[in-house]
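This is what each chain is made of:
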Amino acid sequence: MKSTKTGMTLLILMSIAGLSLHFSGQIFAGDPIFTEKPIWSSGTSRSGGDGIARFIDVDSDGDLDFVTCAPDPRRWVLYRNDAGKLASKPFWESAKTTDCDHIDVLDFNKDGIPDLAATHESHCTLYLNRSGKFNTRPDWETGITTDANQITFGDFDSDGDLDMLMASGKPVNGVALFENKNGTLSKTVSRKIGFNEYSETAIFGDFDGDGDLDIFASYGRSGKIVVYRNDKGVFDSGTVVYQDSKQPWTQRLYWKDLDGNGEPELFCAGGPWGRPGASIQLAKQGTSMKMKVIWRSAGKTAFHGFDFGDVDLDGDLDLVAAEWGGGGLRGVSVYLMEKGRLSDTPAWSVKTSRPAHEVVLADIDSDGDLDLAVGCQDQALLFENVIRKPKSR
């Protein structure tokens, strides 16, 4: 570990000299990446849902505030960021709602400020940001009751506004589009896409590189990952690009160019449900529609969600994973990109008191590195990135 100590000494000397710091050293097994203990917690014993963690600059002041969920009653809550520190109490709370399953940050109405889109296990909602303030009740919600699993937004028909894609159980039982026409999102399903089969996750992504948004969907009972190609707003009947009937469940999909070669890969978080299995990274094979596995986590994992960012400041993207409880585990793990591929074992991990549902990276304190927040079944936690900080003796 001599090289690590030498590197840290150099950083300290550079700091004293007032020089700009940019970490470019090697991370060794056991080296800290984030604080061992959280520097902030929502302080609840139940989260009000499965566990939410999202950053949003709600008041356009240049720093990132934090949104999660709270219990008794179940509701969404926002914590303000003041000089790099999150407040102990929320400054906004939604009205009482049902199970808080997921929340996404997006500029839905394209007014330059971020809004919130929420998924519940019975319906979906939108909260529009009005100059740094939200109403307590949603500005829009679906007009049907359905087992909503995941929603995502994109302009699939190239008309300049954001449409909504939903993966769902009954009664939709598959993947559905909610079209946005002239700024108004449909409250009912505009069209059903593909198979009539339970879907846990569906996302937009340009699979074939033609400039429009295709759809990736996972069907957890059959183990199929399907791509529906988009031709001027019309989707085809779908192609199975990968299938694993022995370990069929996929909790979340992500379309991300992690190695920076211009060809995104498909990341499949294995999830805790069904038979336990590894999470995988899939890559295209030339002009073939079939995708191949290029990375696989340990089989005992049950990762519920991922996020991506350069946590070790070496110029490439790494992967962080929220562990729901595979093999009795729970917490967060960090897999570093090394020589163009993800490491086989985590470079850093922390165990949480309850299963971890969502993980997200952001520079919460504006010091130039990415901090980590995780939403767990009991509470939300924030860990500070400490790579550039000298180790205590």
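Asker: Any chance you could break down the overall build of the protein for me, citing the residues and the numbers?
Answerer: If you tally the helices and strands in the protein, you get one helix and 36 strands. In the protein, which comprises 393 residues, the share counted as buried stands at 56%. Expressed as a percentage of contacts within the protein between residues at least 6 apart in sequence, the contacts between residues at least 24 apart total 47%. With an accessible surface of roughly 17,100 Å², the protein has 49% of that area assigned to carbon and sulfur atoms.

Asker: Break down the packing of aromatic side chains for me, citing the residues and quoting the values.
Answerer: Per the stated rule, a full pass over the model turns up 22 aromatic pairs. For the ring pair Trp 40 and Phe 66, a centre distance of 5.5 Å and an interplane angle of 75 degrees mean the geometry is edge-to-face. Residue Trp 40 is found in strand 1 (residues 40–41), and its partner Phe 66 is found in strand 3 (residues 65–70); the two are separated by 26 residues along the sequence. Neither residue differs from the other here; Trp 40 and Phe 66 are each classed as buried. Ring geometry for Phe 303 versus Phe 306: centroids 6.0 Å apart, planes at 65 degrees, classification edge-to-face. An identical accessibility class is assigned to Phe 303 and Phe 306; each is buried. Through a chain of ring-to-ring contacts, three or more aromatic side chains come together here, namely Tyr 254, Phe 267, Trp 295, Phe 303, Phe 306, Phe 308 and Tyr 335. Just above the ring of Tyr 198 sits the side chain of Arg 221; from NZ or CZ to the centre is 4.5 Å. For the cation-ring pair, Lys 284 lies above Phe 207, with the distance from its terminal atom to the ring centre recorded as 4.6 Å.

Asker: So what about the pattern of salt bridges? Which residues, and what values?
Answerer: Using the criterion set out here, one finds ten salt bridges in the structure. A salt bridge links Asp 139 to Arg 130, with the nearest nitrogen and oxygen atoms 2.8 Å apart. Judged by relative accessible area, which is 29%, Asp 139 ranks as partly exposed. Between Arg 229 and Asp 236 there is a salt bridge; the shortest N-O distance is 3.7 Å. Overlapping salt bridges, with partners in common, bring together Arg 54, Asp 104 and Glu 358 in one network.

Asker: With reference to specific residues and values, describe the environment of Gly 183.
Answerer: Tracing the backbone shows Gly 183 in the loop between strand 15 (180–181) and strand 16 (184–185). Sequence-wise, Gly 183 and Asp 161 are 22 residues apart; in three dimensions their C-alpha atoms are separated by 6.6 Å.

Asker: So what's going on with the sheet that holds strand 1? Residues and values would help.
Answerer: The strand order across the open sheet built from four strands is 1-36-35-34, with neighbouring strands paired in antiparallel fashion. On the outer flanks of this sheet lie strand 1 and strand 34 (356–362), each paired with one strand and no other.

Asker: Before we move on, could you go through the pairing of strand 28 (residues 303–309) and cite the residues and values that matter?
Answerer: Here strand 28 lies mainly inside the structure; seven of its seven residues are buried. Pairing of strand 28 with strand 29 (residues 318–323), which is carried by six bridges, proceeds in the antiparallel orientation. In the strand pairing of strand 29, Phe 308 is matched with Leu 319.

Asker: An account of the nonpolar core is needed here, citing residue identities and associated values.
Answerer: If you look at the biggest cluster of nonpolar residues, it comprises 20 residues, and the most contacted ones within it are Ile 33, Phe 34, Val 311, Val 334, Leu 372 and Val 374. Elements with a minimum of two residues in this core: strand 29, strand 30 (331–335), strand 33 (348–351), strand 34, strand 35 (371–376) and strand 36 (380–383). Apart from the residues within four sequence positions on either side, Val 334 is in contact with Ile 33, Phe 34, Val 311, Leu 319, Val 320, Pro 346, Ala 347 and Trp 348. Formed by 17 residues, the second largest nonpolar core is a distinct cluster that contains Phe 108, Phe 153, Met 166 and Phe 178.

Asker: Quick rundown of the sheet that holds strand 26 (residues 280–285)? Include the residues and the values.
Answerer: Across the sheet, four strands lie side by side as 24-25-26-27; this open sheet has antiparallel pairing. The outermost strands of the open sheet, each flanked by one partner alone, are strand 24 (252–256) and strand 27 (288–296). Each strand of the sheet is rotated relative to its neighbour by a mean of 30 degrees, with strand direction disregarded. The sheet contact formed by strand 25 (residues 265–269) and strand 26 spans three bridges and is antiparallel. Note that in strand 26 the partner of Leu 266 across the bridge is Leu 282.

Rules used in this analysis
- Residues numbered from 1 in each chain as written.
- Predicted model: local features only at pLDDT ≥ 70, side-chain atom pairs only at ≥ 80, totals over all residues.
- Heavy atoms only, no water.
- Helix = DSSP H or I, 4+ residues; strand = E, 2+ residues; numbered from the N terminus.
- Buried < 20%, exposed > 50% of the residue type's maximum accessible area, 1.4 Å probe, protein only.
- Contact = heavy atoms within 4.5 Å.
- Areas by Shrake-Rupley, 256 points an atom, 1.4 Å probe, with all protein chains shown as cover.
- Phe/Tyr/Trp six-rings, centres within 6.5 Å; stacked < 30°, edge-to-face > 60°.
- Lys NZ or Arg CZ within 6 Å of the ring centre and 35° of its normal.
- Salt bridge = Lys/Arg side-chain N within 4 Å of Asp/Glu carboxyl O.
- Pairing = 2+ DSSP bridges.
- Core = buried A, V, L, I, M, F, W, Y, C linked by side-chain atoms within 4.5 Å.
- Axes fitted to C-alpha atoms, helices over the stretch in contact; angles between N-to-C directions.

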